[in-house]
Amino acid sequence: MEAATAARPRRRRRAFLEERRFLAPVLIAPACLFIAVLIAGPLLLAVYLSFSDATAGSLTGDWVGFDNYLNAWDNPVFRKALWNTVLFTVASQVIVLIAAGLLAHALIRPFRGKWILRFLILLPWAAPIPLGAVAWLWIYDSLFSVVNWTLVHDILPGGGELLPYKIVNAITPWTIEPFDPPQWLGDPTLALGAVISVHAWRVIPFATVIFLAGLASIPKEVDDAAKVDGATGLKKFWYVTLPLQLPIATVALLFGIVFTAADMTVVYILTRGGPFNSTQMLTTWSYQTGINAGSLGEGAAISLYLLPVLAAVAILMLRFARRSEVS
Amino acid sequence: MASTSLREKLGSYLVVGPFAIVLAFPFYWMLWTAFKTDGDLYNVENIPFSFTQGSPTSRNFTFLFTDTQYLDWLENTAFVGAIVVVITLVFSLPAGYALARLSGGWGQSVGVGIFLTYLVPPTLLFLPLSRVISELGLQDKLTSLILVYPSFTVPFSTWLLMGFFKTIPRELEDAARVDGASRLTTLLRVVFPISLPGILTVVIFSFSLVVNEFVYSLTFISTSSEKTISTGVFTELIRGDVFFWQGLMAATLIPSIPLALLYNVFLNRFIAGFTGGAFR
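Residues numbered from 1 in each chain as written. Chains lettered and ligands numbered in written order. Predicted model: local features only at pLDDT ≥ 70, side-chain atom pairs only at ≥ 80, totals over all residues.

**Quick notes on the overall build of chain A**
Consideration 1: On a plain count of helices and strands, chain A comes out with 15 helices and zero strands.
Consideration 2: Rg of the C-alpha trace for chain A: 27 Å, well past the compact-globule value of 20 Å for 327 residues, more than 25% over.
Consideration 3: C-alpha extents for chain A along the principal axes are approximately 105 × 70 × 35 Å.
Consideration 4: Residue burial in chain A is summarised as follows: out of 327 residues, 38% are buried. (Helix = DSSP H or I, 4+ residues; strand = E, 2+ residues; numbered from the N terminus. Rg over C-alpha atoms; globule rule 2.2 N^0.38 Å. Buried ≥ 20, exposed ≤ 12 C-beta atoms within 10 Å, placed from the backbone.)

Okay, structure coming up:
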């Protein structure tokens, strides 16, 4: 009798842990709490700062309403940065989608040497990007750029007529002077192109991998059915592969948008927003305003201009998640 | 099963070949530059794709390890990475399992919610966090990074683990529970051991997120001995207009190779977890 009462509390605790209704929240709560403290907290703090005149050295300031947002908007550099961010994101994502689509379709087939080629293609994503960007800094160097060396030296068979820069001049609208080679990071237009290309370089492997997963998940029967119906080549791609691929391609694209629009690493390492703010992005401009110039409030406001983009992506993601749940 | 035709194979090579060359070129270039002498590197008359004037040399590697704090940065990165991975597992293992198995309908929504917080980028949070870090007196201390990094590794890992746990057959757990094991015992003795490949994947990818992080590290740490490789290489080996290019390339090459090999080994599991969570 006595033993039974002593055992009861323990049994009750055990029963409590056996109950899914209780155990699930107990296991999930720490992670949620942690995320709330480290993400929701700072995010709200950022919103608060953006409405205050806080400067470096303090965490509080006087309420100034929308002043920071309006001041930021009035600065031509900000509008340049906003436009650059849009251009940077759209251009690099277009490159990524085309390249990854081609690569995934080519890599889905078995062929000799596929393993090593896949490894080489994965490298830009697998290596840390702050280090990869430094390698590009060297490739685009003003004096010793290997790209420029290759352009103006006689490396193709055929002698002086087939110098690479002559070919570029002949088949593209650009003109390259051999004694004044392109300054990839020093010329405003080229610098924007350079940061776009490096970011695309970085994201292509990730998108390829996701596309490959999507292609591999298309059942063999669908393939066979398409063949029986006589769908081949482009037709098959348009009516069979593309619709089936669309959900996973969209997910890869949404990811790409967020991690491009909000990325500072590539631009900061390659150009720091220069020359003459020609590659200034919302992220680098927010860093310069908030950290280097010490205007915490305005810096926070600048970075929060990104929030609508993130919110739109989040809503689209949720919609996709719900749809796949139903199916 | 129709075999791939010769034309299709040729098409694959024609697409994959050029892309592989362009995507891998910077790594080839790191390798080449890292072994060059000053005389060879800074002479435009030399062909950059070959070695002359004393190249190849291992001097640049010696310079990196003896005359710079590169080894410190590697150690700092490994230290921060290891602790962050442990913290990440402590939070995300239970949550990932509960979301996959115990929570029923609302689990999916909470899972997606946690995942969405991964989309809140450091560039939105670094300004308030930099103030909080200095209020706490953690500026220039690795503790600041250990505190902040789980904010992106925990959501990411919870999502991946949720995907992995969903692929484990329920019968295994049911069998253990019929034998009288409690839910927690089942979790520790049955579920975690067979999920080991998935957990290792999470370890690799969380660690790699830490190595890739740049903004927080740049903002919080300015003492050179406390830097991680992500910022140390870029801020310390470039002094004003003086670039130690060979040392820089050696420094970028060394961490890239092992990480790339690990990625390749765990890639298929990563894809399974990443896409298996909700987007099947």
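**What about the interface of chain A and chain B?**
Consideration 1: Counting residues at the interface gives 82 residues for chain A, matched by 79 residues for chain B.
Consideration 2: Residue contributions to the side of chain A that touches chain B peak at 16 residues, all from helix α2 (residues 20–50) of chain A.
Consideration 3: Across the side of chain A that touches chain B, the residue classes break down as 69 nonpolar, eight polar and five charged. (Contact = placed C-beta atoms within 7 Å. Nonpolar A, V, L, I, M, F, W, Y, C, P; charged D, E, K, R; others polar.)

**Points about unusual backbone geometry**
Consideration 1: Phi at Phe 276 of chain A takes a positive value of approximately 50 degrees, unusual for a residue other than glycine.
Consideration 2: Of note, Phe 276 of chain A is situated in the loop between α12 (265–270) and α13 (282–292).
Consideration 3: The class for Phe 276 of chain A is exposed, based on 11 C-beta atoms found within 10 Å.
Consideration 4: With phi around 65 degrees, Asp 140 of chain B is a residue other than glycine that occupies positive phi space.
Consideration 5: Here Asp 140 of chain B shows up in the loop between α6 (122–135) and α7 (142–148).

**Concerning the environment of Asn 84 of chain A**
Residue and element names in this part refer to chain A.
Consideration 1: Within the secondary structure, Asn 84 sits in helix α4 (residues 76–107).
Consideration 2: Taking the C-alpha atoms as reference points, Asn 84 and Ser 278, separated by 194 residues in sequence, lie 7.9 Å from one another.
Consideration 3: In this structure, Asn 84 is in contact with Leu 192, Thr 279, Gln 280 and Met 281, ignoring residues within four places of it in sequence.

**A word on the nonpolar core**
Consideration 1: Of all hydrophobic cores here, the largest spans 155 residues; its most connected members are Leu 103, Ala 133, Val 134, Val 195, Ile 204 and Leu 270 of chain A.
Consideration 2: Among the elements that line this core, the one with the most residues is helix α9 (residues 188–216) of chain A, at 15 residues.
Consideration 3: Excluding its chain neighbours within four sequence positions, the residues that come into contact with Leu 103 of chain A are Ile 121 and Thr 208 of chain A together with Val 15, Val 16 and Phe 19 of chain B. (Core = buried A, V, L, I, M, F, W, Y, C linked by C-beta atoms within 7 Å.)

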